[in-house]
2 protein chains.
Amino acid sequence: MFTILPLKNGLDNVAGFFCQGVHAGFKPNGNNDVAFIRSNELCDVSSVFTTNVFQAAPIKHFLRYPKGFQTNFILMNAKNANAMTSEKGIEDIETLFGKLKTKFPSIHNPIMSSTGVIGYRLNVEKLSTAFDLFDFNAKDSHATASAIMTTDSFKKELCFKVLLDDDSFFHIAAICKGAGMINPAMATMLCFILTDANIPKADMDELLLPAIEHSFNAVSVDGDTSTNDTVLLLSSKQSGAYHKEAFNEALRLITKELSLMLVRDGEGSTKVVAFEVSGAKSVAEAERAAKALSNSLLVKTALFGEDPNWGRIASTIGASGITCNEESLVIHYDDVLIYSKDQRSLDAEAEKKAAAVMKKESFRIHCELGIGEESFTAYGCDLGHKYVEINADYRT
Amino acid sequence: MFTILPLKNGLDNVAGFFCQGVHAGFKPNGNNDVAFIRSNELCDVSSVFTTNVFQAAPIKHFLRYPKGFQTNFILMNAKNANAMTSEKGIEDIETLFGKLKTKFPSIHNPIMSSTGVIGYRLNVEKLSTAFDLFDFNAKDSHATASAIMTTDSFKKELCFKVLLDDDSFFHIAAICKGAGMINPAMATMLCFILTDANIPKADMDELLLPAIEHSFNAVSVDGDTSTNDTVLLLSSKQSGAYHKEAFNEALRLITKELSLMLVRDGEGSTKVVAFEVSGAKSVAEAERAAKALSNSLLVKTALFGEDPNWGRIASTIGASGITCNEESLVIHYDDVLIYSKDQRSLDAEAEKKAAAVMKKESFRIHCELGIGEESFTAYGCDLGHKYVEINADYRT
């Protein structure tokens, strides 16, 4: 019915879009720190933002546009979140856009997106020096993805080509940043998804949030939520091709893979774990228990120590506030049965096998509650010394 | 009206009680690991237990006694929580108590309390060897307090003498264990409070839970909750003296001081911080925000790094789901104003002062929301490398 093929070079594949990252002097190591994405034609845009009450100035600025507005420009910066900066933070964005439009008059309804430290005004003068470096016809996904990195240890960019039965095709591509503060409420992550599919705006709005629920909102690095979390989906429609089911599958695939990259890049993490809770009374309860596991400090440190301490798994489920009982609970580490009513304590053999599972770079902890039919999988990582190092002196 | 005086030697001061800790071979370093508290007469007992669904066997055993039962004996052990052990775990307790009563026939309605690793059956034979070491007339609060320690780095015991206007007096004393897993829902802590006040059972039941709400339930080390959390209050009534208000104040004082000891002993922590949230719409909202701060990994690592990164404080409040806005929020570190609408960014001077505050062993972070009249203070600690070390290989 349709085929999804991975392509290199991320955003560069998507017809009608241009992008570039440059160094404006904010990252001391000389890396890119300001970037843009633009399109020739005005694009529909769908968005999902943080649930944090203190939304950063760029988000407030976005939300002042009328519903259903179209745009042809996104400006991005790293190192300063422009959050907790009040009306002044929004004025700074407007000053920047004033300068930008003087230089590039075709810009219409520009969007800003920022990541970095909270609580400082933007350095508008310095930031606008980036504009002199912008090449409006650049297609440089790598440089763009690198510009939005903060504590990320690797660039996150993906592209899929979606081939339909009639040999027409479209692209969906995305770049993403995030490593710390990634949480069930998609904390401190930015994700920009571009497509040339001829997708109606209504479908964009309908499909984006559910895709995020099972990707960015299902991953946890440290359980904190940020002021700046943003996912934007822009469509140029220039391929002329579209197929709703194919687009949805490609969208879910790209958001899921990016969210797993975030977990893999969890600050100082050494392994990715899928916490699957099944047999729950409701999806909400399965989700609550799965996220309790992926957020538990004691579980995360046991993962780091590669200690098959399933008691912490059980205890965390018991504390999560869901319906469960110890008679029907069954816990597996991958395919190793490690707890059930009948096999209550680890024998030496099972413990050895479970310890071997925990040495893998990624594995699954599966808790069957034996109460109902619903399930949810959350993704998490371990917490080790590097997390402490990175976060104890992030600003300095 | 009344005077509260601290005394040394914890439980030993309370008339009518005896206690001892012995080494039965569970702690490899030879420290005490089994203990008892007993009384000559039957005592009223009030209790508060974990909200974890998977209550440990000792708690289930306790709850099978009829409401309002009296007791004269508590048996305690460390290194094995006897949790997730099903009916077998309760049978093990009954076997132990059978042996104990053979040796000491006066024991009536004994209570057990356990702390340690989850998921293993008790070694009943080994544990009962402790009974040969018990001296029923011992008054040894130190040995008792040391026997219940697991990851604790110091013993927790306190006693107050409460002098009333008519020169009558009573005592309240407590021992407590807990370091890791201390959380808003009093995870993995045991606390035994003894009094010789002539207190009615109804007052015991009325006063215990509110005292815990503002002490053990207001402290957080890592946000996890346990299967074994227990607070027991026993009264011998042997002083003959009682004054409700005085007792309540002494009870609140002793639980508050013990809970702060738990935070100070937070696994690998280097400082204690009081997170005061005021000006909230309701106490529940103030509590929610204060506990969000004390549980935030990013806040905890910033404390460890002594980085006055108030943006993380603001962001955590914004993510906590309470009513607040950035226009009325004011943040102080002790008396250093570090955020308000007008003083939005840290100037170098304020930042220097705030960094100096953070070097203290304990300090206050005060967030005035400017919305209402209610407040709550939660207590937390920093998270550093030692936490990771301790918890990565707790079992081994």
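As the structure is a prediction and not an experimental result, all values here were calculated from the model. (Residues numbered from 1 in each chain as written. Chains lettered and ligands numbered in written order. Predicted model: local features only at pLDDT ≥ 70, side-chain atom pairs only at ≥ 80, totals over all residues. Heavy atoms only, no water.)

Visitor: Tell me about the overall build of chain A, and name the residues and values.
Guide: When its secondary structure is counted, chain A shows 11 helices and 14 strands. Scaling as 2.2 N^0.38, a compact globule of 396 residues should have a C-alpha radius of gyration of about 21 Å, and chain A matches this with 22 Å. Counting only C-alpha atoms and orienting by the principal axes, one finds that chain A spans roughly 75 × 55 × 35 Å. Within chain A, the proportion of its 396 residues that are buried is 62%. Here chain A contributes 39 positively and 50 negatively charged side chains, and the mean placements of these two sets differ by 5 Å. (Helix = DSSP H or I, 4+ residues; strand = E, 2+ residues; numbered from the N terminus. Rg over C-alpha atoms; globule rule 2.2 N^0.38 Å. Buried < 20%, exposed > 50% of the residue type's maximum accessible area, 1.4 Å probe, protein only. Lys, Arg positive; Asp, Glu negative; His and termini not counted. Charge placed at Lys NZ, Arg CZ, Asp CG, Glu CD.)

Visitor: Explain the sheet that holds strand S13 (residues 362-368) of chain B residue by residue, including any values.
Guide: All names here are of chain B. Taken in spatial order, the 5 strands make up an open sheet running S12-S11-S13-S10-S14, and their pairing is mixed. Both outer strands of the open sheet, strand S12 (336-339) and strand S14 (374-381), are each paired with one neighbouring strand and no more. Strand-to-strand, the axes of this sheet are offset by a mean angle of 20 degrees, without reference to chain direction. Lying over the sheet, helix H8 (residues 297-304) contacts strand S10 (272-280), S13 and S14, oriented at roughly 130 degrees with respect to S10. (Pairing = 2+ DSSP bridges. Axes fitted to C-alpha atoms, helices over the stretch in contact; angles between N-to-C directions. Contact = heavy atoms within 4.5 Å.)

Visitor: Could you give an account of the pattern of salt bridges, with specific residues and numbers?
Guide: Residues and elements named next belong to chain A. In total, this model carries 30 salt bridges over all chains according to the counting rule given. The salt bridge involving Asp203 is made with Lys244; its shortest N-O contact spans 3.9 Å. On the criterion of sequence distance, the pair formed by Asp203 in helix H5 (residues 201-213) and Lys244 in helix H6 (residues 244-264) is long-range, its members being 41 residues apart. Residue classification places Asp203 among the buried residues on the basis of a relative accessible area of 12%. Judged by relative accessible area, Lys244 falls into the partly exposed class, the value being 35%. Several salt bridges converge on common partners, so that one network encompasses Asp203, Glu206 and Lys244. (Salt bridge = Lys/Arg side-chain N within 4 Å of Asp/Glu carboxyl O.)

Visitor: For unusual backbone geometry, give the residues involved together with the corresponding values.
Guide: Backbone geometry at A:Lys79 places phi at a positive 90 degrees, although glycine is not the residue there. Residues other than glycine seldom take positive phi values, yet B:Ser86 does so here, at roughly 60 degrees. Summarising the element assignment, B:Ser86 is placed in helix H2 (residues 86-103).

Visitor: Could you give an account of the packing of helix H5 (residues 201-213) of chain B against helix H6 (residues 244-264) of chain B, naming the residues involved and the relevant values?
Guide: Residues and elements named next belong to chain B. Between H5 and H6, the shortest axis-to-axis distance is 10 Å and the interhelical angle comes to 35 degrees. For the element pair H5 and H6, the recorded crossing hand is right-handed. Taken together, the residues of H6 that come into contact with H5 (itself represented by Asp203, Glu206, Leu207, Leu208, Pro210 and Ala211) are Lys244, Phe247, Asn248, Leu251, Arg252 and Thr255. (Left-handed = near helix turned anticlockwise from the far one by under 90°.)

Visitor: Could you give me a rundown of the sheet that holds strand S11 (residues 330-333) of chain A, with the residues and numbers involved?
Guide: All names here are of chain A. Here we have 5 strands laid out as an open sheet, ordered S12-S11-S13-S10-S14, and mixed in their pairing. Each edge of the sheet is formed by a strand with only one pairing partner; in this case those strands are strand S12 (336-339) and strand S14 (374-381). Averaged over all adjacent pairs, the angle separating strand axes in this sheet is 20 degrees, with direction ignored. Summarising the sheet, S11 and S12 pair through 3 bridges and their orientation is antiparallel. Pairing of Tyr333 across the sheet is with Val336, part of S12.

Visitor: Lay out the pairing of strand S13 (residues 362-368) of chain A in plain terms, naming residues and giving numbers.
Guide: Residues and elements named next belong to chain A. Here 7 bridges tie strand S10 (residues 272-280) to S13, and the two strands are oriented parallel to one another. Opposite Phe275, over in S13, you have Ile365 as the bridge partner. By the bridge criterion, 4 bridges tie S11 to S13 in an arrangement that is antiparallel. Within S13, the residue paired with Val330 across the bridge is Glu368.

Visitor: Before we move on, can you summarise the domain arrangement of chain A with the specific residues and values?
Guide: Entries for chain A in the domain assignment read domain 1 (2-264) and domain 2 (272-392). Centre-to-centre separation of domain 1 of chain A and domain 2 of chain A, based on C-alpha positions: 33 Å. (Domains from an automatic or database assignment.)

Visitor: Tell me about the packing of aromatic side chains, residues and numbers included.
Guide: What characterises a pair of aromatic rings is the spacing of the ring centres plus the angle enclosed by the ring planes. Summed over the entire model, instances satisfying the criterion amount to 26 aromatic pairs over all chains. Ring centres 4.9 Å apart and planes at 70 degrees place the aromatic pair B:Phe49 and B:Phe62 in the edge-to-face group. Of this pair, B:Phe49 sits in strand S3 (residues 34-49) while B:Phe62 sits in helix H1 (residues 57-63), placing them 13 residues apart in sequence. Taken individually, B:Phe49 and B:Phe62 each receive the classification buried, so the pair is uniform in this respect. Cluster of aromatic residues (ring-pair linked, three or more members): A:Phe36, A:Phe73, A:Phe104, A:Phe131, A:Phe134 and A:Phe136. Above the plane of the ring of A:Phe26 lies A:Lys126, whose end atom (NZ or CZ) is 4.9 Å from the centre. Stacked on the ring of A:Phe169, the Lys or Arg A:Lys161 has its end atom at 4.3 Å from the ring centre. (Phe/Tyr/Trp six-rings, centres within 6.5 Å; stacked < 30°, edge-to-face > 60°. Lys NZ or Arg CZ within 6 Å of the ring centre and 35° of its normal.)

Visitor: Can you lay out the environment of B:Leu262 for me, pointing to particular residues and giving the numbers?
Guide: Examined against the element boundaries, B:Leu262 turns out to sit in helix H6. Each C-alpha atom of the pair B:Leu262 and B:Val272 lies 9.8 Å from the other, and the pair is 10 residues apart in sequence.

Visitor: Describe the side chain of A:Ser39, with residues and values.
Guide: Residue and element names in this part refer to chain A. By secondary structure assignment, the location of Ser39 is in strand S3 (residues 34-49). Of the polar contacts made by the side chain of Ser39, one reaches the backbone oxygen of Glu41; its length is 2.7 Å. Setting aside residues no more than four positions away along its own chain, Ser39 makes contact with Gly16, Phe17, Thr71 and Asn72. (Polar contact = N/O pair within 3.5 Å; in protein donor to acceptor, adjacent residues only side chain to side chain.)

Visitor: Hey, could you go over the environment of A:Ile175 for me, with residue numbers and the actual values?
Guide: Residues and elements named next belong to chain A. Summarising the element assignment, Ile175 is placed in strand S7 (residues 169-177). The spacing of Ile175 and Ala197 is 22 residues in sequence and 17 Å in space, taken between C-alpha atoms. Among residues more than four places away in sequence, those in contact with Ile175 are Leu11, Ser141, Thr144, Ala145, Ile148, Lys156, Glu157, Leu190, Cys191 and Phe192.

Visitor: Tell me about H5(B), residues and numbers included.
Guide: Here H5(B) has its buried residues at B:Asp203, B:Met204, B:Leu207, B:Leu208, B:Ala211 and B:Ile212. Residues of H5(B) that are buried sit in contact with S3, strand S8 (190-195), strand S9 (230-235) and H6 of chain B.

Visitor: Any details on helix H7 (residues 283-295) of chain A? Residues and values, ideally.
Guide: All names here are of chain A. An ideal rise of 1.5 Å per residue puts 18 Å on 13 residues; H7 measures up with 18 Å between its terminal C-alpha atoms. All buried positions along H7 are accounted for by Glu285, Ala286, Ala289, Ala290, Lys291, Leu293 and Ser294. Where H7 is buried, its residues meet S10, helix H8 (297-304), helix H9 (310-319), S13 and S14. (Expected span 1.5 Å × (residues − 1).)

Visitor: Give me the lowdown on the confidence of the model for chain A, citing residues and values where you can.
Guide: Residue and element names in this part refer to chain A. Summing up the model confidence of chain A, the mean pLDDT is 89 and the portion of residues at 70 or higher is 92%. Within chain A, the element-level pLDDT minimum falls on helix H11 (residues 385-392), averaging 67, and the maximum on strand S2 (residues 17-22), averaging 98. Low pLDDT, under 50, characterises residues 181-187; the predicted model gives this stretch 48 contacts beyond four residues in sequence or across chains. (pLDDT = per-residue confidence, 0-100.)

Visitor: Lay out the pairing of strand S2 (residues 17-22) of chain B in plain terms, naming residues and giving numbers.
Guide: Residues and elements named next belong to chain B. Buried residues dominate S2, accounting for 6 of its 6 residues. Burial along S2 is two-sided: the face carrying Phe17, Cys19 and Gly21 and the face carrying Phe18, Gln20 and Val22 are both buried. Examined bridge by bridge, S2 and S3 share 6 bridges and lie antiparallel to one another. Across the sheet, residue Gly21 finds its bridge partner in S3, namely Ala35.

Visitor: Lay out the state of the cysteines with the relevant residues and their values.
Guide: This model, assessed by the stated rule, comprises 0 disulfides over all chains. Left unpaired, A:Cys381 is separated from the closest cysteine sulfur, that of A:Cys176, by 15 Å. A:Cys381 gets classed as buried once you look at its relative accessible area, which sits at 1%. Between B:Cys324, a free cysteine, and B:Cys367, which holds the nearest cysteine sulfur, the sulfur-to-sulfur gap is 10.0 Å. (Disulfide = S-S within 2.5 Å.)

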